[in-house]
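Residue-level listing of the chains:
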Amino acid sequence: MNDALAHFAPVTLELNGVRLEPLGPQHAAGLLAAASDGQLWKLRITSVPEPDQVDAYIATALEMRPGRYAFAVIDSVSEEVIGTTSYHDIVPALDRVEIGYTWYARSRQRSYVNTSCKLMLLTHAFETLGCAVVGFRTDNFNHASQAAIARLGAKKDGVLRHHALRRDGTVRDTVVYSIVRGEWPEIQAHLRYKLNRD
């Protein structure tokens, strides 16, 4: 068993003007502001909380430990909360973790923010936690998310048919991706190259 994963402790990571810190009740107002940037809760293919559900969203994330560790995504300069992301489905026996529950304020989408966050989380997963594989999953209709995951260099593992409920009660297919340890050095180099160009 992977002791680092089995005894995962909340951690703060920082890179390129973006900070990931353990999500908590103190982030509620900032998370609401981030979700309101684009009224993201209206998207049927994401899990962004509605304005009156932000406190419950944070409470649920905390209750899911140790299977999920959620982060607030912070702009290090302005100290604004600009989104959230998580490690989840942590399986110490397999040296496996997934990255998901990720969303950003609309004004921060398609920017250096996602690349910075993924570089921090992947580096910590492979180099500190000793993961053998990091997974990702997304809605079959969330084409922007699929493209973003593919741009990281993750490989598509397949599609889980009729897999999970959406917020509107419909059932989605889930597209699954992963990065294995042997692929990490090249992907890390690619992500650093992307950040240097942005």
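Student: Describe the nonpolar core, naming the residues involved and giving the relevant values.
Tutor: In this structure, Tyr87, Leu122, Val134 and Phe136 are the most contacted members of the largest nonpolar core, which totals 36 residues. Looking at which element gives the most residues to this core, the answer is helix H4 (residues 112-128), with eight residues. Non-local contacts of Tyr87, meaning those with residues more than four positions away in its chain, are made with Phe8, Gly67, Arg68, Tyr69, Phe71, Val97, Glu98, Ile99, Leu121, His124, Ala125 and Leu129. Formed by 18 residues, the second largest nonpolar core is a distinct cluster that contains Leu31, Ala35, Val48 and Val81.

Student: Please provide a residue-by-residue account of the pattern of salt bridges, values included.
Tutor: All chains considered together, the criterion is met by ten salt bridges. The partner of Glu79 in a salt bridge is Arg19, and the shortest N-O contact between them spans 2.7 Å. Of this pair, Glu79 sits in the loop between strand E3 (68-75) and strand E4 (81-91) while Arg19 sits in strand E2 (residues 18-22), placing them 60 residues apart in sequence. What makes Glu79 partly exposed here is its relative accessible area of 46%. Where salt bridges share partners, they join Asp89, Arg96, Glu98 and Arg137 into one cluster.

Rules used in this analysis
- Residues numbered from 1 in each chain as written.
- Predicted model: local features only at pLDDT ≥ 70, side-chain atom pairs only at ≥ 80, totals over all residues.
- Heavy atoms only, no water.
- Core = buried A, V, L, I, M, F, W, Y, C linked by side-chain atoms within 4.5 Å.
- Buried < 20%, exposed > 50% of the residue type's maximum accessible area, 1.4 Å probe, protein only.
- Helix = DSSP H or I, 4+ residues; strand = E, 2+ residues; numbered from the N terminus.
- Contact = heavy atoms within 4.5 Å.
- Salt bridge = Lys/Arg side-chain N within 4 Å of Asp/Glu carboxyl O.

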